[in-house]
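# An overview of the molecular structure
Residues per chain, in single letters:
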Amino acid sequence: MSSPSMATLIQRRVSSEETPSAHAEMDYFRSRLRLPEIRDWLRQEKEKGRKVFGLMCWSVPVEMVLASGGVPVRLSGVSENDAHRGWNFPRDLCPLTASCVTDVQALTREALLDAVVLPGTCDWKRKIPDLLGGVKVLTLGDPSSGSLRFADADLKRLAKEVALITDIPVVTRNLARASERVAKANEAYLALQHIRRRPRSALSGQDALAIEQAFLRDDVARWTEHCRYLVQSLKGESPAPEQRPGDRPARILLIGSPVVWKPRSVVHLIEEAGGQVVCEDFHSRLALLYPAEPFARAAGTNGSSLARRWSRTCFCSCAAEEDDGLVFRAIHDFAVEGLIGHVYRTCARTQMRLPGILRRARDNGISTLALETEGTASEADRLRARIEPFVEMLLSKRRNGA
Amino acid sequence: MSIVVGVDVGSTNTKLVLMEDSQVLAAEVRATGASCRGTAHALLAAALRSSRRASSEITYVVSTGYGRKLVDFANDTVSEILANARGAIWLRRGDPPIQTIVDVGGQDSKVISVDGSGRVVNFAMNDKCAAGTGRFLEVASRILEVDLDRLAELSLRSTKRLEISSVCTVFAESEVVSLISRGENVEDIAASLHRSVASRVGGLIATVGLQEAVFFDGGPALNRGLVKAFEEELGVSLIVPDSPQIVTAVGAALAAGDSLSEKEPRPRTEWTRL
């Protein structure tokens, strides 16, 4: 299925009296999680002579790729539901990394990837190049907030490396235009997150996960347009009146290791148990929700402003106290009733960071649950045994006015 | 007069309790085996037989535990955390009130914090690893070639403190083998194994906070060596019921009684796809 052009999409909506439909928009986002659709899109871009760059996570400064005329595509979570299947990976490889590698393999098989950009924010990300075979890999350092000068230099190096592949240098004007596109995408994302603050949000955590993971799996402007349209349609919906306090699902903030999209993810299990993931922070998204460096300002010509924004986007590079602040802010803003910390067994950084955040949350009277997972479908029952009582406890507390 | 049933399908044993007017009519325990459903049916038949009641007298059944969804005669399910807390509070109807419940099962360890009115306010469960569960002691007893009852007795006769440092059941096996090859007494090894479980569960207790009175249940609570190790680790006396393995099943039966009286369906959210 080829995607309609931006102009066609807008024209269709302007000319018809199409009622905003959240269902139709969600179909779009879900379709962007399927490998055939992504392949079709990338084939079209390749036919136009554009170069494709696979990006591993949100923290990669996508603006640099866009500014040099490249096509950024997000890696992980589409080619295999069970990332370990069929590959001879190291046993302790994290599910996110495994999923990223399988996506790279799936896309390079059809020569749809020109390069992969990897942030060096954890040990496995630094080791991925060894697993990728002959794919061109561009690496970034660890953008810790204390080394802005290095982050700036790193970005300049990336700009040069990207330009060598696309033959289009990253110039100020292009960078500003690219930053503006990303800023608009972030605005649409923020508007969507705002809807999730409602007492009875129609947007489930599963839907939010699909929307977020569809980013960079289509043209940025098209994703932004669909996101805006979804926001518009959800704003028009009036939630059903509440009968009893227990009717509403328990509001949960999910933090920790990134969740790879699949039918039985932690998010799905939480919502099957009667909870609702109203907000999440998988290493980066709270920083996107509360950006220390506004995106629009990062759109400026100064590479340093992009470095500042980049260095604060990722949980891995934020100071612990900064991260705590974001978590507590989200707990307040989204009226969170319970905090679930999810960690992959092999994700050392989260393993070290998460217990402290959960402890401080508990000290502040927030109910918490820690889940250690391996990202496989077979562990669903074990996780359910922990998630279900947690949700029941939250609902019971609400019913009893605790 | 109505009979309610609570079934707790655990990873090692399945427990079934028949109750009438807040009295336990029958309690049955059997190894879960390969068929959760078949075991649950067999236990129900045994409980009806021993209480001389008919299945037609049963008005409500609530199942809990790992295999709760597999009990085809259950009207409803409840999580083992809530069932355990309900059962413990009901069994311990005296002062001081329970504030912390420690449940060591075959595969899971749970620590539940309850408030003055018996509501669950926090809980913690072990991770995937079987260290700190009954399985750990089962594995160790096989290496020492003694049964679990004997392992408990031996541990009470320990005179020397040994350390099992590993937090992993599989690695602990090799540590036990090393202790045997060093010529350490089996009594001292047994005691160190019990301390290892207590220490592991002690970590869980720390996450929810220890408040007396502390109730200890689950099959391993029958093990006096483990009770001693816990009391030493925590520095408190534990309240251990007469039949610690059926506490969660009792809680499920009480939940069945609640459902009958309240007729309140469990809140559940079915997400409709946008």
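Here the structure is shown first, and the text comes after it.
Heads up: these notes are all about the structure in this document. (Residues numbered from 1 in each chain as written. Chains lettered and ligands numbered in written order. Predicted model: local features only at pLDDT ≥ 70, side-chain atom pairs only at ≥ 80, totals over all residues. Heavy atoms only, no water.)

## Here's the deal with helix α6 (residues 186–208) of chain B
The end-to-end C-alpha distance of α6 of chain B, which contains 23 residues, comes to 34 Å, matching closely the 33 Å that a straight helix rising 1.5 Å per residue would cover. Immediately downstream of α6 of chain B, the backbone of Gly 209 of chain B shows phi near 95°, a positive value. (Helix = DSSP H or I, 4+ residues; strand = E, 2+ residues; numbered from the N terminus. Expected span 1.5 Å × (residues − 1).)

## As for the state of the cysteines
Residues and elements named next belong to chain A. Scanning the model with the defined rule gives 0 disulfides over all chains in all. With no disulfide of its own, Cys 100 has Cys 94 as its nearest cysteine by sulfur position, at a separation of 9.2 Å. Judged by relative accessible area, which is 0%, Cys 100 ranks as buried. (Disulfide = S-S within 2.5 Å. Buried < 20%, exposed > 50% of the residue type's maximum accessible area, 1.4 Å probe, protein only.)

## Things to note about the side chain of Asp 219 of chain A
All names here are of chain A. Take Asp 219: it is sitting in the loop between α9 (205–214) and α10 (220–235). Classification of Asp 219 by relative accessible area gives buried; the value is 18%. Side chain to side chain, Asp 219 and Arg 181 meet in a polar contact 3.4 Å long. (Polar contact = N/O pair within 3.5 Å; in protein donor to acceptor, adjacent residues only side chain to side chain.)

## Here we look at the pairing of strand β2 (residues 71–74) of chain A
Residues and elements named next belong to chain A. Burial along β2 is two-sided: the residues Val 71 and Val 73 and Pro 72 and Arg 74 are all buried. Pairing between strand β1 (residues 52–55) and β2: 4 bridges, direction parallel. Bridging across to β2, Gly 54 finds its partner in Val 73. (Pairing = 2+ DSSP bridges.)

## So, the pairing of strand β6 (residues 275–281) of chain A
One face of the sheet, then the other: side chains in a regular strand alternate in exactly this way. Residue and element names in this part refer to chain A. The element β6 is extensively covered by neighbouring structure, given that 7 of its 7 residues are classed as buried. Bridge analysis of strand β5 (residues 250–256) against β6 gives 6 bridges, and the strand direction is parallel. Looking across to β6, one finds that Ile 252 is bridged to Val 277.

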